Amino acid sequence: MAPTTYKSTADVDIDVGILYVAPIGTTEPTSATSALDAAWREVGYTEDGSKISTAVTTADLEVAELLDPIAVRTTKRTTKVMFAMAQATRSNLLLALNQGAAGTDTITAVEPVALASEVRVMLCWQSEQTGADQRRWLFRQCYNTGSLEIANAKTPQKRLLAVDFSCEKPESAAVFTVFPSAAGEI
């Protein structure tokens, strides 16, 4: 009996997607296609899309009598969402400086947040496809733990707000949830 063939060009995805941000406690989507609450706002254009990273750290359980570990245990898991915002606005600067999701684009001055006063946010990546092909990743509690670097350079360079959001586990839910498309694509 031959193995099952699983090659499908339909499953090869090149969708950059759309990033949304909302305050902690905003009503979460319940599927890939459910409407987002009005508190969610689009982050806007990015330089190279976004990256989602989940890393697991493990430790070997060893005994003196064996060369191989008798078990491997997970000791840590970290999840990150990284992107460089191409829309250098006040609201995106507030997001990068951990001052929350709802910022406005007024002319009011912006200063760094006080130590231990960082405002966590929810992030949502959504595919640009619609209907049965739409997908979402929901991150429930995140804040920027990377450095903020803004380059001021001549054209064709643009000012970018690069961020590296670390995700924390909220009290009563998982760190993130993935809502696949109707065909199971993520």
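Please refer to the structure placed before this passage.
To keep things clear, this report deals only with the structure shown in the data block. Given the structure is predicted, the values throughout are model-derived calculations rather than measurements.

**Remarks on the overall build of the chain**
Working step 1: From N to C terminus, the chain includes one helix and eight strands.
Working step 2: Overall, the chain is about 65 × 45 × 40 Å in size when its C-alpha atoms are taken along their principal axes.
Working step 3: Contacts in the chain between residues at least 24 apart in sequence constitute 60% of all its contacts with a sequence separation of at least 6.
Working step 4: Taken as a whole, the chain presents about 11800 Å² of accessible surface, with 53% of it coming from carbon and sulfur.
Working step 5: Between the averaged position of the 16 positive side-chain charges in the chain and that of its 22 negative side-chain charges there is a distance of 3 Å.

**Examining the nonpolar core**
Working step 1: F83, M85, L123 and F165 are the most contacted members of the largest nonpolar core, which totals 20 residues.
Working step 2: Among the elements that make up this core, the one with the highest residue count is strand β7 (residues 161-167) (four residues).
Working step 3: Beyond its immediate stretch of four places on either side in the chain, L123 contacts Y20, V21, W40, V81, F83, W137, L138, F139, C142 and F165.
Working step 4: Membership of the second largest hydrophobic core comes to nine residues, among which are Y20, M122, C124 and L138.

**What to know about the environment of P23**
Working step 1: Within the element layout of this structure, P23 appears in strand β1 (residues 18-23).
Working step 2: In the structure, P23 is positioned 117 residues away from R140 in sequence and 9.5 Å away in space, judged by C-alpha atoms.
Working step 3: In this structure P23 touches A39, A101 and M122, once residues within four positions along its chain are discounted.

**Overview of unusual backbone geometry**
Working step 1: Residue P156 follows T155 across a cis peptide bond; omega there is 15°.
Working step 2: Residues other than glycine seldom take positive phi values, yet A116 does so here, at roughly 65°.
Working step 3: Relative to the elements of secondary structure, A116 occurs in the loop between α1 (90-96) and β5 (121-126).

**Some thoughts on the pattern of salt bridges**
Working step 1: Summed over the entire model, instances satisfying the criterion amount to five salt bridges.
Working step 2: Residue R120 is joined to E118 by a salt bridge in which the shortest nitrogen-to-oxygen separation is 3.9 Å.
Working step 3: When its relative accessible area of 23% is taken as the criterion, R120 is described as partly exposed.
Working step 4: The class of E118 is partly exposed, set by a relative accessible area of 25%.
Working step 5: Here E168 and R120 are joined by a salt bridge, their closest N and O atoms 2.9 Å apart. Of the two residues, E168 sits in the loop between β7 and β8 (176-179) while R120 sits in the loop between α1 and β5, which places them 48 residues apart along the sequence.

**Observations concerning the layout of surface pockets**
Working step 1: One number sums up the size of the largest pocket: a volume of about 200 Å³.
Working step 2: What lines the largest pocket is simply Y6, A10, D11, V12, D13, Q129, D133, R135, A183, G184, E185 and I186.
Working step 3: Its residues assigned to classes, the lining of the largest pocket shows five nonpolar, two polar and five charged.

**Some points on the side chain of Q134**
Working step 1: Structurally, Q134 can be placed in the loop between β5 and β6 (136-144).
Working step 2: The exposure class of Q134 is buried, given its relative accessible area of 8%.
Working step 3: Setting aside anything within four residues of it in sequence, one finds Q134 in contact with A32, T33, Q126, S127, Q129, P180 and S181.

Procedures and definitions
- Residues numbered from 1 in each chain as written.
- Predicted model: local features only at pLDDT ≥ 70, side-chain atom pairs only at ≥ 80, totals over all residues.
- Heavy atoms only, no water.
- Helix = DSSP H or I, 4+ residues; strand = E, 2+ residues; numbered from the N terminus.
- Contact = heavy atoms within 4.5 Å.
- Areas by Shrake-Rupley, 256 points an atom, 1.4 Å probe, with all protein chains shown as cover.
- Lys, Arg positive; Asp, Glu negative; His and termini not counted.
- Charge placed at Lys NZ, Arg CZ, Asp CG, Glu CD.
- Core = buried A, V, L, I, M, F, W, Y, C linked by side-chain atoms within 4.5 Å.
- Buried < 20%, exposed > 50% of the residue type's maximum accessible area, 1.4 Å probe, protein only.
- Salt bridge = Lys/Arg side-chain N within 4 Å of Asp/Glu carboxyl O.
- 1 Å grid on protein atoms, 1.4 Å probe; cavity = no way out; pocket = protein on both sides within 12 Å on 5 of 7 lines; lining within 4 Å.
- Points joined across faces, edges and corners; volume = space filled by probe spheres on them.
- Nonpolar A, V, L, I, M, F, W, Y, C, P; charged D, E, K, R; others polar.

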